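# Breakdown of the fold
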Amino acid sequence: MTAASISASPISAAPTLEVRNLQTHFFTRAGVVKAVDGVSFTVPRGKVLGLVGESGSGKTVTGFSIIGLVDPPGRIVGGEILYQGKNLASLSEEEMRHLRGNRIAMIFQDPMMTLNPVLRIDTQMIETVRAHTKVSHEEARQRARDTLGMVGIPSPDERLKSYPHQFSGGMRQRVAIAIALLHRPELIVADEPTTALDVTIQGQILAEVQKLAATTGTSLIWITHDLSVVAGLADEIAVMYAGRVVEHGLVEQVLDRPLHPYTAGLIGSVPSRNKRGEPLRQIPGMTPSLLSLPAGCAFRSRCPRAGEECGIEPPIREILPGRDARCHRPILEAAEVASA
Amino acid sequence: MSATTLAPAAAPMIELRGISRRFEKKLDFAGRIAKRLGAPVREEIVHAVDGVDLSIAKGEVVGLVGESGCGKSTLGRMVAGILPPSDGTVLRQGRDITVLNTQDAREAKLRTQMIFQDPYASLNPRMRVADIVGEAPHVHGIVSGRDWNDYVDEQLRRAGLDPALKRRYPHQFSGGQRQRIGIARALAVKPDFLVCDEAVAALDVSIQAQILNLFMKLRRELDLTYLFISHDLGVVEHLSDRVVIMYLGRVVESAPAAEVFARANHPYTVSLLSAVPRIDSRKRAFSVVQGEIPSPLNPPPGCHFHPRCPHAMPRCKVERPALREIAPGHISACHLNDAS
């Protein structure tokens, strides 16, 4: 499994970020948890990559690895995260701090994780601006105000003087997004930023993000468990299972014609894909513990297509042009079997 | 579905008449002094549920939908009898539950059980699964000590759990398995009516499908009636015979499930439906409902939705619209229906 052969991206623009064979392991007393084990993908400039998986699939740890926030006992033990030719995994904390919040930003699921509850919004935003650029207090304030306006916060001048608890959940997440945007980063890693919000508020945030990605040329990694959200938002999807990417391709390809049985199972279990009142198609069993992964394909025990060859770990390979999957027995139509 | 169009001849499983629930926050010491000195402070009153009529026929599955803060959980708790209403009456099969004698009241309470959202917080971490499931039937004399073991085994098997695991504690189970324990516990006292409050919201997609299928199987086997509370319209659409939509403590629309999704009437329902991300959508512009849910401390006068409504008229600001039947079994509270 060489990294070069699997990083082929369906979109051939110069990528903003390239992750090659990333391995982030957690050294716990119970054993080594391989939370991320050989993940590769590229994020093209100005595009949105949806990183989809269930809890424990390693999608959040992948995001944290990119932005350098993996805490002990976790550690990046292998692979490269290439940004402008630099490997982020090997940067010192000092060098990483120049990038983080500046060229690469993160939006968390809970905006209270980003915001300091005892400081006013203006204090926090001005501090962020001045941490990376030498501007006057007044200029920084101006920039903070403009960015708040950009993410759709009404009367930003007054809102700058508020404390985080004076905002609603949706507005708080907008502030967090505004802080991420302060330095017009090239890449934003968004970890389930709308999961805790109501649908109408989620719709508003998604609309803003979509507009921003289109106008500022920022690339996005959108981490979520919800296929429906990335269906409308992302350009590409990478599906993760048990620490590995099992399928990667353009949104319409992956969602309309999944190759990996796990992707197909996920899509099939969405209620709107089923006839009303009939039993939902379900994936049997549950996600295996990362401490005791079975040999071979990690999805084997839940897979309806599993065969003998699945006892050997399948490599991720280009099964159809521009479409990668990690499966010995991908779901193919008769005409495609020959070409694959 | 027939249960909604034809008025049920027998008394409905549960009937709410003009039910309300207020939560008051008393003034603290400083507040009381300030008030005495003439400061404009007053007790804060939240109208969590405001005059709701709802009737659920035997065997029916009613989906209760709304965003956070709309009072759907409070309503569910009043239906389940664990929260007394401030006003109005709850009729259980035609009898007011507040005037029942002790024996009958206990009986009525046992026959209505509740399934909670958080499978981590709703199970006692210090009790073994066998005791969690078996305690209530033992206390209420539903099963004798001699048959207890077999009875618990049967309950666990019915919820899809291996009885061999019954000596374990809740932390040894995954989220989906814990939700099965919660279901087994609820069904162990032989209820005929279940209130499920966001019962699948905390679960992964593939596990969510398993639990929804279990709910549907149990409904057939045990002839259960459900009040299924959820913010997830996809789940509700799949499961329910009838859908009730709440906004800021009031019911704004109620209709058979297929009708709501095909011909939503109330502007709030329409905007809610358009905000739901769909897996079939591709790179679409997310539609935006303006604004946020107003604070229930100080709801807008007239129709609660008018500040966000694209069709608001002067009348909507002053007059509360009444729920009117606009098609058989389809009621909606909107002034627009009077114009036509």
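These numbers come from a predicted model, not from an experiment.

### Section: the overall build of chain B
- Helix and strand counts for chain B come out as 13 helices and 12 strands.
- Relative to the globule expectation of 20 Å for 340 residues, the C-alpha radius of gyration of chain B, 22 Å, shows essentially globular dimensions.
- Taken along the three principal axes of its C-alpha coordinates, chain B extends 70 × 60 × 45 Å.
- Restricting the contact set of chain B to residue pairs at least 6 apart, pairs at least 24 apart contribute 67%.
- Looking at chain B as shown, the accessible area adds up to about 15600 Å², and 52% of this sits on carbon and sulfur atoms.
- Placing the 44 positive and 37 negative side-chain charges of chain B at their respective mean positions leaves the two points 3 Å apart.

### A closer look at the interface of chain A and chain B
- With 50 residues of chain A at the interface, the matching set in chain B holds 40 residues.
- Here chain A meets chain B over a buried area of about 3800 Å², counting both sides, of which 54% is carbon and sulfur.
- Three residues stand out in chain A for area buried against chain B, namely Val199(A), Thr200(A) and Arg276(A), and they jointly supply 18% of the buried area on that side.
- There are zero salt bridges connecting chain A and chain B.
- Of all the secondary structure elements, the ones that give two or more residues to the side of chain A that touches chain B are α8 (169-181), α9 (199-216), α10 (227-233), α11 (251-256) and α12 (261-268) of chain A.
- Looking at the side of chain A that touches chain B, its residues break down into 22 nonpolar, 17 polar and 11 charged.

### Considerations on the pairing of strand β11 (residues 317-320) of chain A
All names here are of chain A.
- Of the pairings in the sheet, the one linking β11 to strand β12 (residues 323-325) comprises three bridges and is antiparallel in character. Within β12, the position partnered with Arg317 by the bridge is Ala325.
- Hairpin geometry of β11 and β12 is characterised by an intervening segment of two residues between the two adjacent antiparallel strands and by a positive phi of about 75 degrees at Gly322.

### Overview of the domain arrangement of chain A
Residue and element names in this part refer to chain A.
- According to the domain assignment, chain A contains domain 1 (1-103 + 185-286) and domain 2 (113-182).
- Relative to domain 2, the C-alpha centre of domain 1 lies at a distance of 27 Å.
- Between domain 1 and domain 2, the contact holds 15 residues from the first and 11 residues from the second.
- Buried area between domain 1 and domain 2, summed over both chains or domains, comes out near 1100 Å², and the portion from carbon and sulfur atoms is 68%.
- When the buried area of domain 1 at its contact with domain 2 is split by residue, Ile205, Glu208 and Leu212 rank highest and sum to 36% of it.

### Comments concerning the pattern of salt bridges
All names here are of chain A.
- For the structure on display, the rule yields 38 salt bridges over all chains.
- With its nearest N and O atoms 3.5 Å apart, the salt bridge here joins Arg20 to Glu80. Of this pair, Arg20 sits in strand β1 (residues 15-28) while Glu80 is found in strand β4 (residues 74-83), placing the two residues 60 residues apart along the sequence.
- The exposure class assigned to Arg20 is partly exposed, which follows from its relative accessible area of 27%.
- Assessed through its relative accessible area of 30%, Glu80 is described here as partly exposed.
- The salt bridge involving Asp157 is made with Arg145; its shortest N-O contact spans 3.2 Å.

### Focus: the side chain of Ser40(A)
All names here are of chain A.
- Along the chain, Ser40 falls in strand β2 (residues 31-44).
- Owing to a relative accessible area of 9%, Ser40 belongs among the buried residues under this scheme.
- Among the polar contacts listed, one links the side chain of Ser40 to the backbone nitrogen of Asn21, at a separation of 2.7 Å.

### What to know about the pairing of strand β7 (residues 193-197) of chain B
Residues and elements named next belong to chain B.
- In terms of burial, β7 is a largely internal element, five of the five residues being buried.
- Two elements, strand β6 (residues 112-115) and β7, share four bridges in a ladder whose sense is parallel. Considered in β7, the bridge of Met114 is made with Val195.
- Strand direction decides the pairing type here: β7 and strand β8 (residues 225-230), joined by five bridges, are parallel. Paired with Val195 across the two strands is Leu227, which belongs to β8.
- For the segment spanning β7, helix α8 (residues 205-222) and β8, crossover handedness is right-handed.

### Considerations on a nonpolar patch on the surface
All names here are of chain A.
- The grouping of Phe27, Val32 and Val77 at the surface amounts to a nonpolar patch, some 210 Å² of accessible area in total.
- Within the secondary structure layout, Val32 lies in strand β2.
- Using a relative accessible area of 38% as the deciding quantity, one classes Val32 as partly exposed.

### Observations regarding the nonpolar core
All names here are of chain A.
- Leu17, Phe41, Ile66, Leu88, Met125, Ile221 and Trp222 are the most contacted members of the largest nonpolar core, which has 95 residues in total.
- Counting residues per element, this core draws most heavily on α8, which supplies seven residues.
- Residue assignment places this core across two domains, with domain 1 (1-103 + 185-286) and domain 2 (113-182) each supplying three or more.
- Beyond its immediate sequence surroundings of up to four residues, Ile221 is in contact with Leu17, Phe41, Val43, Leu49, Leu51, Ile66, Leu187, Ile188, Val189 and Ala190.

### Overview of the environment of Gly134(B)
- You can see Gly134(B) is positioned in helix α5 (residues 129-139).
- Apart from residues lying up to four places away in sequence, Gly134(B) is in contact with Trp148(B) and Val152(B).

### Brief notes about the sheet that holds β1(A)
All names here are of chain A.
- Strand order in the open sheet formed by four strands is β2-β1-β4-β5, and the pairing between neighbours is antiparallel. Of all the strands in the sheet, the pair left with one neighbour each is β2 and β5 (86-87).
- Alignment of β1 against β4, held across eight bridges, turns out to be antiparallel. Bridge pairing in β4 places Phe26 opposite Gly74.
- Where helix α2 (residues 59-67) meets the sheet, its contacts fall on β1, β2 and β4, and the angle it forms with β1 comes to roughly 110 degrees.

### What about the packing of α5(B) against helix α6 (residues 148-158) of chain B?
Residues and elements named next belong to chain B.
- Between α5 and α6, whose axes approach to 10 Å, the crossing angle comes to 115 degrees. It follows from the interaxial angle that α5 and α6 lie roughly perpendicular. Considering only the axes of α5 and α6, their crossing is right-handed. Packed against α5, whose contacting residues are Val129, Ala130, Asp131, Val133, Gly134, Pro137 and His138, the element α6 presents Trp148, Tyr151, Val152, Gln155 and Leu156 at the interface.
- Grouping the constituent residues of the contact of α5 with α6 by class yields eight nonpolar, three polar and one charged.

### Some details on unusual backbone geometry
Residue and element names in this part refer to chain A.
- Note that the residue after Pro72, namely Pro73, is joined by a cis bond; omega there is 5 degrees.
- Turning to its location among the elements, Pro73 is positioned in the loop between α2 and β4.
- A positive phi is found at Asn21, a non-glycine position, where the angle reads about 50 degrees.
- Structurally, Asn21 can be placed in strand β1.

### Some remarks on the packing of aromatic side chains
- Counting across every chain of the model gives nine aromatic pairs over all chains.
- A ring pair is formed by Phe215(B) and Phe228(B), whose centres lie 5.7 Å apart and whose planes are at 85 degrees; its orientation type is edge-to-face. Placement of Phe215(B) in helix α8 and of Phe228(B) in strand β8 is noted, with a sequence separation of 13 residues between them.
- Phe215(B) sits in the buried class, given a relative accessible area of 0%.
- With a centroid separation of 5.2 Å and 65 degrees between ring planes, the pair formed by Tyr268(B) and Phe305(B) is classed as edge-to-face. Placement of the pair is Tyr268(B) in helix α11 (residues 267-275) and Phe305(B) in the loop between α11 and α12 (314-318), with a sequence separation of 37 residues.
- The class for Tyr268(B) is buried, based on a relative accessible area of 0%.
- Feature note: the residues Tyr241(A), Tyr262(A) and Phe299(A) constitute an aromatic cluster, connected by ring pairs.
- In this structure, Arg159(A) packs its charged tip against the face of Phe167(A), placed 4.2 Å from the ring centre.

Analysis parameters
Residues numbered from 1 in each chain as written. Chains lettered and ligands numbered in written order. Predicted model: local features only at pLDDT ≥ 70, side-chain atom pairs only at ≥ 80, totals over all residues. Heavy atoms only, no water. Helix = DSSP H or I, 4+ residues; strand = E, 2+ residues; numbered from the N terminus. Rg over C-alpha atoms; globule rule 2.2 N^0.38 Å. Contact = heavy atoms within 4.5 Å. Areas by Shrake-Rupley, 256 points an atom, 1.4 Å probe, with all protein chains shown as cover. Lys, Arg positive; Asp, Glu negative; His and termini not counted. Charge placed at Lys NZ, Arg CZ, Asp CG, Glu CD. Buried area = accessible area lost by both parts, 1.4 Å probe. Salt bridge = Lys/Arg side-chain N within 4 Å of Asp/Glu carboxyl O. Nonpolar A, V, L, I, M, F, W, Y, C, P; charged D, E, K, R; others polar. Pairing = 2+ DSSP bridges. Domains from an automatic or database assignment. Buried < 20%, exposed > 50% of the residue type's maximum accessible area, 1.4 Å probe, protein only. Polar contact = N/O pair within 3.5 Å; in protein donor to acceptor, adjacent residues only side chain to side chain. Right-handed = clockwise from strand over helix to strand, strands pointing away. Patch = residues over 30% accessible without salt bridge, like charges linked within 9 Å, V, L, I, M, F, W, Y side chains within 5 Å. Core = buried A, V, L, I, M, F, W, Y, C linked by side-chain atoms within 4.5 Å. Axes fitted to C-alpha atoms, helices over the stretch in contact; angles between N-to-C directions. Parallel < 35°, antiparallel > 145°, perpendicular 65-115°, else oblique. Left-handed = near helix turned anticlockwise from the far one by under 90°. Phe/Tyr/Trp six-rings, centres within 6.5 Å; stacked < 30°, edge-to-face > 60°. Lys NZ or Arg CZ within 6 Å of the ring centre and 35° of its normal.

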